[in-house]
Structure formats: C-alpha cells, structure tokens
Amino acid sequence: QVQLVESGGGSVQAGGSLRLTCAASGYTYVCMGWFRQGPGKEREGVAAICSDGNTSYANSVKGRFTISQDNAKNTAWLQVNSLKPEDTATYYCAASQTRTTPPPIRSYYYNDWGQGNQVTVSS
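Residues numbered from 1 in each chain as written. Predicted model: local features only at pLDDT ≥ 70, side-chain atom pairs only at ≥ 80, totals over all residues. Heavy atoms only, no water.

Asks: Got a sec to walk through the state of the cysteines? Specific residues and values, please.
Replies: One pass over the full model with this rule turns up two disulfides. Residue Cys22 pairs covalently with Cys93 via a disulfide, S to S 2.0 Å. Judged by the sign of its S-S torsion, about 60 degrees, the cystine formed by Cys22 and Cys93 is right-handed. Of the two residues, Cys22 sits in strand β3 (residues 18–25) while Cys93 sits in strand β9 (residues 89–96), which places them 71 residues apart along the sequence. In this pair, the class of Cys22 matches that of Cys93, namely buried. Each bonded cysteine of the protein chain is numbered by sequence order, and under that numbering the disulfide pairs are 1-4, 2-3. (Disulfide = S-S within 2.5 Å. Helix = DSSP H or I, 4+ residues; strand = E, 2+ residues; numbered from the N terminus. Buried < 20%, exposed > 50% of the residue type's maximum accessible area, 1.4 Å probe, protein only.)

Asks: Can you break down unusual backbone geometry residue by residue, with the values?
Replies: Residue Thr101 is joined to Pro102 through a cis peptide bond whose omega torsion reads 0 degrees. Structurally, Pro102 is set in the loop between β9 and β10 (112–113). With a phi close to 55 degrees, Asn74 is a non-glycine residue in the positive phi region. Inspection of the secondary structure assignment puts Asn74 in the loop between β7 (65–70) and β8 (75–80).

Asks: Break down the pattern of salt bridges for me, citing the residues and quoting the values.
Replies: Tallying each qualifying case throughout the model produces four salt bridges. The closest approach of N and O atoms between Asp87 and Arg36, which form a salt bridge, is 2.8 Å. Residue Asp87 is located in the loop between β8 and β9, and its partner Arg36 is located in strand β4 (residues 31–37); the two are separated by 51 residues in the primary sequence. For Asp87, a relative accessible area of 1% gives the class buried. Within the structure, one salt-bridge network assembled from shared partners comprises Arg36, Glu44, Arg64 and Asp87. (Salt bridge = Lys/Arg side-chain N within 4 Å of Asp/Glu carboxyl O.)

Fair warning: the whole summary comes from geometry, so function is off the table for now.
Structure, rendered in structure tokens:
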C-alpha cells in the first residue's frame, strides 16, 4: 500500500524557517513534488525533484525554498526559509511515476498524496 507521511509543519514568524519531510512507503517514486493550498486559494505547485536529482521551483519560492531527497530512504525534504505570511498554507507532498524535464510541478502528474501539513507564518 502506497503511503506518504508528512511532518515538520508548524507556526513561525515572518523570516523564519521550517523543514518539511515526506516519507514514502509501498513503492519507489520517480519524482516527488510539494504543493500548497492557502486559504481561499487554489492548490499550487511549489517544488519538485526526480530520482535523477533534477529540481524545479515555482517562481514565488525560488531562492527561499530548497527541495532535496534521499533515494535510498524514499524520503524528500522541503527546506523553507525567509518565510512570508503569504506562504501560509497546507503543504502536501505527492509522488509520481512520471519523469519530466524539468520535474513536474503540475498536480495532474501526481497519483499519490500525503495528508497535508499546516504551515502558518505570522507577521
């Protein structure tokens, strides 16, 4: 059974940092993506990484967020720095068996999703 377990969310002040973790079990993913959905907003892709190490980022987080992985542990991380109130959202990780170049940050590439993890940034 495929399962994605997220951890690491929380509440921080603007300028703070968090590290989100996504551990996959049940299969080996090809690409892992992070998405978020803020209050009253549509879900958006934030970052993605594939097993070959390639990464991609949404323009809104470039230079602040870093995605990484440990293929052997089937685990990916999203380091989020210089957080802003507009980063407040539920963050989801998702796994895909589809590889694109650059890695996909569109949700339709992803089949399996984590439960979501709340990140709240106060000003």
